[in-house]
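Overview (structure and organization)
So you can see what is in the structure, the chains are spelled out below.
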Amino acid sequence: MMPYEDNQPEQSWEACGSKWCPQIHDGQLWKCPQMAYLSMQAQKHGLNEAWNPYLKYTPLEPTCTTEELREFVNRKSESCCGMCPANPELFELPSPLRG
């Protein structure tokens, strides 16, 4: 597993299916599920060093100010968005219920 490195975090954010899904994990607020659980993947699978910039992501602490919280939820793309594809390849899984 490797991060996408197409260097277009804004376009990645625009295409993101999780952009409105911040996560509370370990008592902190994370940009998205992918960021929240990336360290668990690294611990279990020993991710390549290409993931290091993303593993350094700093989530929002519960001690944040109201202004910090407002800025966090209103922020769109961030550099961490670059780990996801700018141009995702969509596909359709066949239904096991259709013959």
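Look up: the structure comes first, before these words.
Residues numbered from 1 in each chain as written. Predicted model: local features only at pLDDT ≥ 70, side-chain atom pairs only at ≥ 80, totals over all residues. Heavy atoms only, no water.

This part is about helix α2 (residues 33-45). Here α2 contains 13 residues, and its C-alpha end-to-end distance of 17 Å stays within 8% of the 18 Å for a straight helix at 1.5 Å per residue. The largest bend in α2 comes to about 30 degrees, at Ser 39. What α2 keeps buried is the set Met 35, Ala 36, Leu 38 and Ala 42. Tucked into the core, α2 has its buried residues touching β1 (23-25), β2 (28-30) and α3 (52-55). Two residues or fewer after α2 comes Gly 46, characterised by a positive phi angle close to 60 degrees. (Helix = DSSP H or I, 4+ residues; strand = E, 2+ residues; numbered from the N terminus. Expected span 1.5 Å × (residues − 1). Bend = angle between axes of the 7 residues up to and from the residue. Buried < 20%, exposed > 50% of the residue type's maximum accessible area, 1.4 Å probe, protein only. Contact = heavy atoms within 4.5 Å.)

The subject of this paragraph is empty space enclosed by the protein. For the structure on display, the rule yields 1 cavity of 30 Å³ or more. In this structure, the largest cavity encloses a volume near 130 Å³. Looking at side-chain class alone, the lining of the largest cavity contains 8 nonpolar, 2 polar and 2 charged residues. (1 Å grid on protein atoms, 1.4 Å probe; cavity = no way out; pocket = protein on both sides within 12 Å on 5 of 7 lines; lining within 4 Å. Points joined across faces, edges and corners; volume = space filled by probe spheres on them. Nonpolar A, V, L, I, M, F, W, Y, C, P; charged D, E, K, R; others polar.)

Within the structure shown, the criterion is met by 3 aromatic pairs. Ring geometry for Trp 51 versus Tyr 54: centroids 6.1 Å apart, planes at 65 degrees, classification edge-to-face. Just as Trp 51 is buried, Tyr 54 falls in that class too. Here the guanidinium or amino end of Lys 19 rests over the ring plane of Trp 13, the centre of that ring lying 4.6 Å away. (Phe/Tyr/Trp six-rings, centres within 6.5 Å; stacked < 30°, edge-to-face > 60°. Lys NZ or Arg CZ within 6 Å of the ring centre and 35° of its normal.)

General note: in soluble globular proteins, nonpolar side chains tend to be found buried as a group. Ranked by size, the top nonpolar core spans 15 residues in total, and within it Met 35, Leu 38, Trp 51, Tyr 54, Tyr 57 and Met 83 carry the most contacts. At 4 residues, α2 tops the list of elements feeding residues into this core. Not counting chain neighbours up to four residues away, the residues in contact with Leu 38 comprise Leu 47, Trp 51, Tyr 54, Leu 55 and Met 83. (Core = buried A, V, L, I, M, F, W, Y, C linked by side-chain atoms within 4.5 Å.)

Here we come to unusual backbone geometry. Of note in this structure, Asn 7 is not a glycine but carries a positive phi near 55 degrees. Looking at the element boundaries, Asn 7 is found in the segment before α1 (9-15). When its relative accessible area of 69% is taken as the criterion, Asn 7 is described as exposed. Of note, the phi angle at Asp 26 is positive, near 55 degrees, even though the residue is not glycine. Mapped onto the secondary structure, Asp 26 falls in the loop between β1 and β2. Take Asp 26: its relative accessible area is 66%, and that puts it in the exposed class.

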